[in-house]
Amino acid sequence: KHASTTGNIQFAGYANALQGDCISRVDGGTITESSFFNQPSNSAAQAWDRNTETEWIENGSPAWTIYSYNFDRMEWVNKLVIGSTPSDPTLDPVTVNVYGSSDSVNYVLLYSVTKKSMFSSRKETKEFMMMDHMTSYGKYKIEITEAASGDLKTGISYLDLLACQLIYFHKDGD
């Protein structure tokens, strides 16, 4: 505080007491979803609950869910974790896109993956590093545009967004 100023200095912040190589950035936010199916037992909240026994099912394309941080909070994430449905392999996604937004209007494509056989078993999770951005966003949109069956109906059991430690090294020689 400079000697010529008066009054209190205030600031706001938060701390996350977790440690490790990767930390989930999905905690206490708001979940929205496309409304093709609208069954409470199979809503997008079931994908974000970190439980591979539950599932989110949508009956249209593209199926999407948005995770929004509360109180204008913004987070940087660099890993997507997604899980196969516990019940039906034909619902598994083939194409998944991840978008980030700071204003709820403009979304930037951060990552896209297309794999015909993304999963080999039920309740399996896969991790995908998203290394092409260094921007924090207040909202992350996960979009599924194609399912294994080729039909519009799709589903997943697990979604998480992680911030993982970056380890830099210099290249020696070639």
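Everything below is about the structure printed above this text.
Keep in mind it's a predicted model, so treat the numbers as computed, not measured.

Caption draft 1: Region of interest: the pairing of strand β9 (residues 139-147). Bridge count for strand β4 (residues 63-68) against β9 is 6 bridges, and the pairing is antiparallel. Bridging from a neighbouring strand, T65 pairs with I142 of β9. Across 8 bridges, the pairing between strand β6 (residues 93-101) and β9 is antiparallel. The residue bridging P93 from the neighbouring strand is A147, located in β9.

Caption draft 2: Spatial organisation of the side chain of E58. Its location among the elements puts E58 in strand β3 (residues 56-59). The buried charged residue E58 lacks any salt bridge partner; its closest oppositely charged side chain belongs to K153, at an N-O distance of 11 Å. In this structure the side chain of E58 is engaged in a polar contact, spanning 3.1 Å, whose partner is the backbone nitrogen of F36. One polar contact links E58 to W56, side chain to side chain, over a distance of 2.9 Å.

Analysis parameters
Residues numbered from 1 in each chain as written. Predicted model: local features only at pLDDT ≥ 70, side-chain atom pairs only at ≥ 80, totals over all residues. Heavy atoms only, no water. Pairing = 2+ DSSP bridges. Helix = DSSP H or I, 4+ residues; strand = E, 2+ residues; numbered from the N terminus. Buried < 20%, exposed > 50% of the residue type's maximum accessible area, 1.4 Å probe, protein only. Lys, Arg positive; Asp, Glu negative; His and termini not counted. Salt bridge = Lys/Arg side-chain N within 4 Å of Asp/Glu carboxyl O. Polar contact = N/O pair within 3.5 Å; in protein donor to acceptor, adjacent residues only side chain to side chain.

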